[in-house]
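Structural characterization, general
Chain residues, written in single-letter form:
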Amino acid sequence: MPEIRLEHVTKHWGKFYAVDDLNLVIEDNAFVTLLGPSGCGKTTTLRMIAGLETPTSGRITIGDQVVFDSDQGINVPANKRKVGFLFQNYALWPNMTVYQNIAFGLSNIREELPEYNFEAKNAARLAQILERPEEVVKVLEECRDKKGGLDGKKAVIKLIDAFTISQYTAKKLLGFHLEQKPDLSGRIQALKAQVESAKAAGMTDDFQLIKNGKPASSLRKLTKEEIDLAVRRVSRIVKISMFMDRYPAELSGGQQQRVAIARTLAPEPTVLFMDEPLSNLDAKLRLEMRYELQRLHVETGSTFVYVTHDQMEAMTLATQICLINNGVLQQYDAPLTVYGKPENLFVADFVGNPSINFVEAKGVQKGDAVELTVFGGRKAVFHPNGKLDLAAWFAQRDREADQKAAELKEKAAQKGYVEKGNKDEVFRYHIARVDEIDESLLEEPVLTNEDLVLGIRPEFISIADGTVEGEIYGAMPTGMESTIKIRLDDFLLTGVVFGSTLFTIGTRVKLRIEGDGILLFDRRSGRRIASGSLELLG
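This section reports on the structure supplied with the text. (Residues numbered from 1 in each chain as written. Predicted model: local features only at pLDDT ≥ 70, side-chain atom pairs only at ≥ 80, totals over all residues. Heavy atoms only, no water.)

1. Thoughts on the sheet that holds strand β4 (residues 57–62)
Defined as follows: Note: two strands are recorded as paired if DSSP finds a minimum of 2 bridges between them. We count a stretch as a helix when DSSP gives it H or I for four or more residues in a row; a strand needs E for two or more, and each element gets its number in order from the N terminus. Working rule for contacts: check all heavy atoms of both residues, and any pair within 4.5 Å makes them a contact. Lines fitted to the C-alpha atoms define the axes, with helices restricted to the stretch that makes contact. Angles between their N-to-C directions range from 0 to 180 degrees.
Taken in spatial order, the five strands of this open sheet run β2-β1-β4-β5-β6, and their pairing is antiparallel. The two strands at the open ends of the sheet, each matched to only one other strand, are β2 (16–26) and β6 (74–75). Where helix α1 (residues 42–50) meets the sheet, it contacts β1 (4–13), β2 and β4, and its direction lies at approximately 120° from that of β1.

2. Comments concerning the side chain of Ser-235
Just so we agree on the cut-off: Polar contacts, as counted here, are pairs of nitrogen or oxygen atoms within 3.5 Å of one another; within protein the pair requires one atom able to donate a hydrogen and one able to accept it, and residues that are adjacent in sequence qualify only if both atoms are side-chain atoms.
Checked against the element boundaries, Ser-235 lands in helix α8 (residues 224–238). Of note is the side chain of Ser-235, whose polar atom sits 2.9 Å from the backbone oxygen of Arg-232. When near neighbours in sequence (up to four residues on either side) are disregarded, Ser-235 contacts Ile-240, Ser-241 and Met-244.

3. Thoughts on the pattern of salt bridges
What counts is decided by this rule: We define a salt bridge as a side-chain nitrogen of Lys or Arg found within 4 Å of a carboxyl oxygen belonging to Asp or Glu.
One pass over the full model with this rule turns up 36 salt bridges. Between Arg-220 and Glu-226 there is a salt bridge, and its shortest N-O distance comes to 2.8 Å. The partner of Asp-310 in a salt bridge is Arg-286, with the nearest N and O atoms 3.5 Å apart. Residue Asp-310 is located in the loop between β13 (303–308) and α11 (311–317), and its partner Arg-286 is located in helix α10 (residues 283–300); the two are separated by 24 residues in the primary sequence.

4. Structural notes on the pairing of strand β19 (residues 451–456)
The criterion, for reference: For each residue, the accessible area found with a 1.4 Å probe, counting protein chains only, is set against the maximum for its type, and the residue is called buried under 20%, exposed over 50%, and partly exposed in between.
Summarising burial for β19: six of the six residues are buried, a large majority. Neither face of β19 is left uncovered, since the one carrying Asp-451, Val-453 and Gly-455 and the one carrying Leu-452, Leu-454 and Ile-456 both have all their residues buried. Judged from the six bridges that link them, strand β16 (residues 357–366) and β19 form a sheet pairing that is antiparallel. Within the sheet, the bridge partner assigned to Asn-357 lies in β19 and is Ile-456. Summarising the sheet, β19 and strand β25 (residues 518–522) pair through four bridges and their orientation is antiparallel. From the neighbouring strand, Val-453 faces β25, where its bridge partner is Phe-521.

5. Some points on the packing of helix α6 (residues 167–174) against α8
What counts, and what does not: Note on terminology: angles under 35 degrees are roughly parallel, angles over 145 are roughly antiparallel, angles of 65 to 115 are roughly perpendicular, and the others are oblique. Residue type decides the class: Asp, Glu, Lys and Arg count as charged, Ala, Val, Leu, Ile, Met, Phe, Trp, Tyr, Cys and Pro as nonpolar, and the leftover types, Gly among them, as polar.
Running from amino to carboxyl end, α6 crosses α8 at an angle of 95°, the nearest separation of the two axes being 8 Å. As summarised for this structure, α6 and α8 are arranged roughly perpendicular, according to the angle between their axes. Contact residues: Gln-167, Tyr-168 and Thr-169 in α6; Lys-224, Glu-225, Asp-228 and Arg-232 in α8. Considering only residue class, the contact of α6 with α8 consists of one nonpolar, two polar and four charged.

6. Describing the pairing of β25
Across the five residues that make up β25, a large majority, five, are buried. In terms of strand pairing, β25 meets strand β26 (residues 528–536) through four bridges, oriented antiparallel. When the sheet's bridge partners are listed, Leu-520 is paired in β26 with Ala-530. Hairpin connection, β25 to β26: the antiparallel pair is bridged by five residues, and Gly-526 has positive phi, about 80°.

7. Some words on the packing of helix α9 (residues 253–265) against α10
Going by this rule: In this scheme the handedness of a crossing depends on how the near helix is turned from the far one: anticlockwise by less than a right angle means left-handed, clockwise means right-handed.
Following both chains from N to C, one finds α9 and α10 inclined at 20°, their axes separated by 11 Å at the closest point. In terms of axis orientation, α9 runs roughly parallel to α10. Crossing angle aside, the handedness with which α9 passes α10 is right-handed. For the pair α9 and α10, the contacting residues are Gly-253, Gly-254, Gln-257, Arg-258, Ile-261 and Leu-265 in the first and Leu-285, Met-289, Glu-292, Leu-293, Leu-296 and Thr-300 in the second. Here the contact of α9 with α10 is composed, by residue class, of six nonpolar, four polar and two charged.

Structure, rendered in structure tokens:
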């Protein structure tokens, strides 16, 4: 499977930038989720890679083929990129059976393909199966009806799956009536003789014809045999072999989704794109289908690119998460890295359920630690996990900001430049309070290098043996765990307590922050400075 590379890809309509200077490498056999809020540019990114949308500028490469390059005028159409696309609404033909829906796209393929002697290939496979007649009889005995008769339709499906053959070969095998234990020696010899005769005429070991001393190929469509083998192969993968004669209206939502997946997999695409394919399913079925997609990724060995706004879906499915906001790439990392080490305030807020707690702080570095004032007057100390020099960090931040401003100025001077109307801003995080404040009415504060923000995941809040007293403000038990709201002065913190403990609103608790996964952010730029532990002093 190929690597996908996006270089400075931009898509804008007028002043609205759906995707802004995106650089991304999707590695071979990866499962990448494009994650972000509605309208952030993730579906546009997917459609540009697939060829359904034309970028304004940039370069896209799939494997060793450049499929789009604005400078060279290259734009390979979608049907030539060998990618599969799975849509949100399944898009199944209601007047076609499951089999016909899966086979429909295959019947339209016309390309340079090897030429095979399918008669010889099937004869060789039948001879191989007939040499073990007891295995066939065992399969047929499983297809008896209540009266002891043989269910031919069920037997064909069973034979297809048991011996990985087409329905045409399965019907021929069924016609031999092996359940009656006939003498097969003559039939096997005839089949082998057919194979030897074909090989003498010129054929490779895998039954490809030889012409002029070379394996032959031609511009052709797939044969019925090839189409049937492909349909049966994918139906086994997604476990819908028994539904081949049904119509979409006769299937559940999950079954329809499996059919859509099978149809996408049938042409063996190099990359499989999925645009929120589970959003129409109920919660329980979505969970089941996530496991199925994980299994599919392993079994097919394909590269999966998956669009979702559901961060739980992204966390559980992906090998890499590509988090986008306002058309700009925010972070591209493994799921646990995105969760534990978010690059900025937006990433920290978007990933995680329950959401992260943000706490504004004033702080200065004293030695290896940062002394903080939090919650409107309480003291705390942040201990970074590694060496930290705040002054050097802020200096580097300012240099990068100046460099970015200079690059933007240079870009703006170029011909054809269009100024971005949907401006990029530092994420406005939410501070939970007992009495909520309409922050839109407040004046923008003048920020200094002492203005910091702490990010505290709910699992790091402990209500046992702490040094600071708080109050249970709300509790939602779910059986395995409880999500609680803790009031500390006029602020609210969300915590997660594992176990089936019942909490009474108003109960006083001793609060502490544990673990070394506490995040320290720069309030001005919104970027993460460091991870570490936090000590509340009272």
